[in-house]
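Coordinate inspection notes
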Amino acid sequence: MIKKCLFPAAGYGTRFLPATKAMPKEVMPIVDKPLIQFGVEEALAAGMHEIAMVTGRGKRALEDHFDVSYELEHQISGTDKENRLADIRRLMEECTFSYTRQKEMLGLGHAILTGELLVGAEPFGVILADDLCDGANGEGVMAQLAKIYKKYRCSVVAIEEVPQNEVYKYGVIAGSQIEDGLYMISDMVEKPAPEEAPSNLAIIGRYILTPDIFDILRETPAGKGGELQITDALMLQAKRNMVLAYKFKGERFDCGSMEGFVAATNHYYQRMKDSE
Ligand code: G1P
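Computed from a predicted structure; not experimentally measured. (Residues numbered from 1 in each chain as written. Predicted model: local features only at pLDDT ≥ 70, side-chain atom pairs only at ≥ 80, totals over all residues. Heavy atoms only, no water.)

Moving on, we get to the pattern of salt bridges. Two side chains that carry opposite charge are able to pair once their charged atoms sit near each other. A complete count under the given rule lists 23 salt bridges for this structure. Between glutamate 26 and lysine 59 there is a salt bridge whose closest N-O contact spans 2.8 Å. Of this pair, glutamate 26 sits in the loop between β1 (4-8) and β2 (29-30) while lysine 59 sits in the loop between β4 (50-55) and α2 (60-65), placing them 33 residues apart in sequence. Across the pair, exposure class does not vary: glutamate 26 and lysine 59 are buried alike. Within the structure, one salt-bridge network assembled from shared partners comprises Lys3, Lys4, Glu50 and Glu122. (Salt bridge = Lys/Arg side-chain N within 4 Å of Asp/Glu carboxyl O. Helix = DSSP H or I, 4+ residues; strand = E, 2+ residues; numbered from the N terminus. Buried < 20%, exposed > 50% of the residue type's maximum accessible area, 1.4 Å probe, protein only.)

Below is the structure:
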């Protein structure tokens, strides 16, 4: 029902320098698959076929990854290596890809607003590729959010419980539980100090947003770090309408950190071994 998924992918990935000096952080592989491909697979599994990416300078590899590589295809055609491209070929067949550039790094809210051109006036998913999510029971996290959207028709964010001493890394919510694991948001704070956090329920990089968020973003003042924060815009939306938070089922790896990246690598390497 929701066709579009937006991938903010303009960030520099400085935490992984020098790896990210000439290579976008989103194409860093977990075993043999770039982070961004995991994200696009998750979007497609939620029925989102129209992929929109907000990129920036030095991000050409993202576009190339979702395009044909003639020499390579010619080279491996008819060999047993060809099936290594099966998954990416399927994505290329089933999805369309569009790109726009964010010229300045003015925050996640600004990146999402930059994507308005590609998204238009429809509800859409947002995936932050460096939060790598492995859903539960064969259902990806975006598909879980899409189910909730279908029932309530409002913006939905994915959340998970984090230790109190880590809340400062996240947008944190408070709300009343309306179904098992589903909260109606009453408060939201971007990267609070532990003593100011309304709870330990942290937003992870999966959202479904209704398109009125664009007008709200335009009137949202700069927040934490002087940047335009999607968390602040969602708080305004929650006050005017309703925003839900869903404790997703599955596992998340923060691949923006070394620790999470290594944990994800071990997780998917083990899965590969188990399926051999
Ligand atoms: C962003 C959001 C934050 C959210 C996080 C999830 O922060 O601003 O609210 O909790 O993604 O990964 P970033 O990690 O880009 O600093």
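In the vicinity of the ligand, 13 residues are found, and the nearest of them are Asp131, Gly171, Glu190, Lys191 and Ile203. Aspartate 131 has a polar side-chain atom sitting 2.7 Å from an oxygen atom of the ligand. In this structure, threonine 231 approaches the ligand through a side-chain N or O atom, which is 3.2 Å from an oxygen atom. In the complex, 75% of the free accessible area of the ligand, which totals 380 Å², lies under the protein chains. If you tally residues by element for the shell around the ligand, the top one is strand β11 (residues 201-209), at 4 residues. The residue inventory of the shell around the ligand, partitioned by class, reads 6 nonpolar, 4 polar and 3 charged. (Near = heavy atom within 4 Å. Polar contact = N/O pair within 3.5 Å; in protein donor to acceptor, adjacent residues only side chain to side chain. Areas by Shrake-Rupley, 256 points an atom, 1.4 Å probe, with all protein chains shown as cover. Nonpolar A, V, L, I, M, F, W, Y, C, P; charged D, E, K, R; others polar.)

Turning our eyes to something else, we now look at unusual backbone geometry. Of note, the amide linkage connecting leucine 17 to proline 18 takes the cis form, showing an omega dihedral of 10 degrees. Along the chain, proline 18 falls in the loop between β1 and β2. In this structure, valine 31 is a non-glycine residue whose phi angle is positive, near 60 degrees. With respect to the element layout, valine 31 can be found in the loop between β2 and β3 (33-34). The partly exposed category is assigned to valine 31, whose relative accessible area is 31%. Positive phi values are uncommon outside glycine, yet asparagine 137 reaches one of about 50 degrees. Residue position: asparagine 137 is located in the loop between β7 (131-135) and α7 (141-152). Residue classification places asparagine 137 among the exposed positions, given a relative accessible area of 79%.

Here we come to the nonpolar core. Within the largest apolar cluster, 39 residues are counted, with the highest numbers of intra-cluster contacts made by Phe7, Ile36 and Val40. Those elements that place two or more of their residues in this core are β1, α1 (35-45), β4, α4 (86-94), α7, β8 (155-161), β11 and β12 (243-247). In terms of residue count, α7 provides more of this core than any other element does, 7 residues in total. Dropping the residues within four chain positions of it, valine 40 is found in contact with Phe7, Ile51, Met53, Phe66, Leu91, Cys95 and Phe97. Among the nonpolar cores identified, the runner-up in size contains 32 residues, and Ala52, Tyr183, Leu217 and Met235 belong to it. (Core = buried A, V, L, I, M, F, W, Y, C linked by side-chain atoms within 4.5 Å. Contact = heavy atoms within 4.5 Å.)

One can find leucine 201 in strand β11. You can call leucine 201 buried: its relative accessible area is 8%. Residues leucine 201 and alanine 245, 44 residues apart in the sequence, show an inter-C-alpha distance of 9.2 Å. Not counting chain neighbours up to four residues away, the residues in contact with leucine 201 comprise Ile159, Glu160, Glu161, Gly171, Val172, Ile173, Tyr183 and Lys247.

Purely geometric stuff here, so don't read any function into it on its own.
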